[in-house]
Every structure is written in structure tokens, then in C-alpha cells.
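Letter by letter, the chains look like this.
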Amino acid sequence: MITMKDIIREGNPTLREVAEEVVLPLSDEDIKLGEEMMEFLHNSQDPVKAEELGLRGGVGLAAPQLDISKRIIAVHVPSGDLENPEPTLSAVMYNPKILSHSVQDACLGEGEGCLSVDREVPGYVVRHNKITLSYVDASGVKQKIRLKNYEAIVVQHEIDHLNGVMFYDHINQENPYALKDGVLVIE
Ligand SMILES: Cc1nc(NNC(=O)[C@H](CC2CCCC2)CN(O)CO)c(F)c(N2CCN3CCOC[C@@H]3C2)n1
Ligand code: NI
């Protein structure tokens, strides 16, 4: 089971590598890894388990954060309203690829954090508001989906990890809260 000790922190060169595409058909090893990544996200969002296991909350995780330089990400984004426990997006994605994106940009009003970064880095992380994404799912089926707002932000943060990019690389050094006209701030 994945816990915080398995997550590498900034300074580890793997976080700055471009990860390798996963070989298809998916190996049992890569399928198992995806399941473990998703299990980590579930545990991290369960107050009892997170406390027990000392997990930081997470809505996404990328294989390079486990020192595995493969193009695998897991995302588990809860809907937010407690009545509807259905997550808005829950998937393990192999070889995810952004096919196209909106001109419209967006950022999280709260900024971003990262399980591989043990410090606060304030500032807006400006990303695409909408993306069209292809990936291979855990059954080996090629998927093509469109995401927007919060879900799109999470997936872009994870795909960045596959390309050796950290969220703070996007923050304006002069003025971390500088915003061009028209950037959607997602609260
Ligand atoms: C936004 C948020 N980021 C949390 N952490 N950071 C992460 O997930 C990093 C990835 C996210 C950082 C910004 C975009 C992607 C992990 N990353 O480094 C992987 O590359 C959260 F934990 C969190 N939530 C809201 C939902 N809540 C449901 C109940 O359980 C607690 C959970 C907390 N929202
Ligand atoms: Ni991260």
C-alpha cells in the first residue's frame, strides 16, 4: 500500500525527468500500480484512514512521484457536495495526452500544492480551462474525454509531472498573483 514514505520530494531528479510511455498491452505490473495509486487517493480522502496512515490529502497522483518514470496518473476528484458522493472524475490514465485546449485559461483561487513539495508556494498556477484528453484506461481501452475547470486543472497538474514540470514553474516570479485579462479564477 502506498503511503507518504513512497512519495519522492523535490530535489529527487526523477521529478524533473520526462517519463516513458507505458508499453501496450498493459502489463499486470502497470495495472497493479494504477490500482495502488487510486487506493492511495481513496485512503487520503478518508479522514479515518488518512489520519491512521499519516496521509496528506490528494486528488491526483503521478507515477514519477513514486520514483517510477512512467506515463501513468491517477485522479480522484470528489464532486464537492456531500449529498452526491459520486466523484466527478475518477480514473487511472495510461499515456494521457492533451489533444487540444481552450484559449481560455484558468487557475485555482487557492493556488496549488504538491505531495512532492513540503512547503507552501503561494501564487496563481495558470492553466488551460478546458482540455480534450486521450488516454488508455485500466482495461486497455483508448478513451477521449473533454474536461473543464477543476477536473481539467487536476489532470494538467498530473500530466506536468510526466514532463518533469512542477506547479511552481508556472507561477509568475515578479508577481505570483499577477493575472492576465480573462483568466478564470476557480474557487
Ligand atoms: C486541489 C486539492 N489538492 C489537494 N491536495 N493536493 C493534491 O491533490 C495534489 C494535486 C492537486 C494540486 C492542485 C491540482 C491537483 C497532489 N499532487 O502533488 C499530485 O501530483 C487536496 F487534498 C484537495 N482536496 C479537496 C477534496 N478533498 C476531499 C476530501 O478529502 C480531502 C480532499 C482535499 N484538493
Ligand atoms: Ni503534484
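Up top is the structure.
Report follows, based on the coordinates. For clarity, every value in this text was computed on a predicted model and none was experimentally measured.

**What about the coordination of the nickel ion (ligand 2)?**
Inference 1: Those protein atoms acting as donors to the nickel ion (ligand 2) are Cys-114 (SG), His-157 (NE2) and His-161 (NE2), and they sit at 2.1 to 2.4 Å.
Inference 2: For the nickel ion (ligand 2), the 6 donor atoms in the first shell make angles of 28 to 147 degrees at the metal, a pattern classed as irregular.
Inference 3: Along the chain, the residues donating to the nickel ion (ligand 2) fall in the pattern C-x42-H-x3-H. Of this pair, Cys-114 sits in the loop between strand 4 (105–108) and strand 5 (127–128) while His-161 sits in helix 3 (residues 149–162), and the two are 47 residues apart along the sequence. In this pair, the class of Cys-114 matches that of His-161, namely buried.

**Quick look at the sheet that holds strand 2 (residues 72–77)**
Inference 1: Taken together, 5 strands build an open sheet; the order of strands is 1-2-3-6-7 and the sheet is antiparallel. Looking at which strands have only one partner, the edges of the open sheet turn out to be strand 1 (60–62) and strand 7 (142–148). Within the sheet, the average angular offset between the axes of one strand and its neighbour, ignoring direction, is 40 degrees.
Inference 2: Of the strand pairs in this sheet, strand 1 and strand 2 are connected by 3 bridges, and their pairing is antiparallel. Pairing of Ala-62 across the sheet is with Ile-73, part of strand 2.
Inference 3: Relative to the sheet, helix 3 contacts strand 1, strand 2, strand 3 (89–101), strand 6 (130–136) and strand 7, its axis offset from that of strand 2 by approximately 155 degrees.

**Quick notes on the packing of aromatic side chains**
Inference 1: Counted according to the given criterion, the structure contains 2 aromatic pairs.
Inference 2: Measuring from centroid to centroid gives 5.0 Å for Tyr-124 and Tyr-177, while their planes differ by 90 degrees, and the two rings are edge-to-face. Of the two residues, Tyr-124 is situated in the loop between strand 4 and strand 5 and Tyr-177 in the loop between helix 3 and strand 8 (184–186); the sequence distance between them amounts to 53 residues.
Inference 3: For Tyr-177, a relative accessible area of 45% corresponds to the partly exposed category.
Inference 4: Measuring from centroid to centroid gives 5.3 Å for Phe-167 and Tyr-168, while their planes differ by 65 degrees, and the two rings are edge-to-face. One exposure class covers both Phe-167 and Tyr-168, and it is buried.
Inference 5: In this structure, Arg-119 packs its charged tip against the face of Tyr-168, placed 5.0 Å from the ring centre.

**Comments concerning the sheet that holds strand 8**
Hydrogen bonds between backbone atoms are what pair the strands of a sheet, whose relative direction is either parallel or antiparallel.
Inference 1: Ordered in space as 5-4-8, the 3 strands form an open sheet in which the pairing is mixed. In this open sheet, the two strands that pair with only one neighbour each are strand 5 and strand 8.
Inference 2: Alignment of strand 4 against strand 5, held across 2 bridges, turns out to be antiparallel. Each residue of the ladder has a partner; that of Asp-105, found in strand 5, is His-128.

**Some thoughts on the site of ligand 1**
Inference 1: Looking at ligand 1, there are 16 residues lining it, with Val-59, Gln-65, Leu-115, Glu-158 and His-161 nearest.
Inference 2: Between a nitrogen atom of ligand 1 and a main-chain N or O atom of Gly-57, the distance comes to 3.1 Å.
Inference 3: Between ligand 1 and the protein, one listed contact pairs an oxygen atom with a side-chain N or O atom of Glu-158 at 2.7 Å.
Inference 4: Out of a free accessible area of 670 Å², ligand 1 has 75% covered by protein chains.

Rules used in this analysis
- Residues numbered from 1 in each chain as written.
- Chains lettered and ligands numbered in written order.
- Predicted model: local features only at pLDDT ≥ 70, side-chain atom pairs only at ≥ 80, totals over all residues.
- Heavy atoms only, no water.
- Donors = N, O, S within 2.8 Å, 3.2 Å for Na, K, Ca; no water.
- Tetrahedral: all angles 85-135°; square planar, octahedral: opposite > 155°, others 65-115°.
- Helix = DSSP H or I, 4+ residues; strand = E, 2+ residues; numbered from the N terminus.
- Buried < 20%, exposed > 50% of the residue type's maximum accessible area, 1.4 Å probe, protein only.
- Pairing = 2+ DSSP bridges.
- Axes fitted to C-alpha atoms, helices over the stretch in contact; angles between N-to-C directions.
- Contact = heavy atoms within 4.5 Å.
- Phe/Tyr/Trp six-rings, centres within 6.5 Å; stacked < 30°, edge-to-face > 60°.
- Lys NZ or Arg CZ within 6 Å of the ring centre and 35° of its normal.
- Near = heavy atom within 4 Å.
- Polar contact = N/O pair within 3.5 Å; in protein donor to acceptor, adjacent residues only side chain to side chain.
- Areas by Shrake-Rupley, 256 points an atom, 1.4 Å probe, with all protein chains shown as cover.

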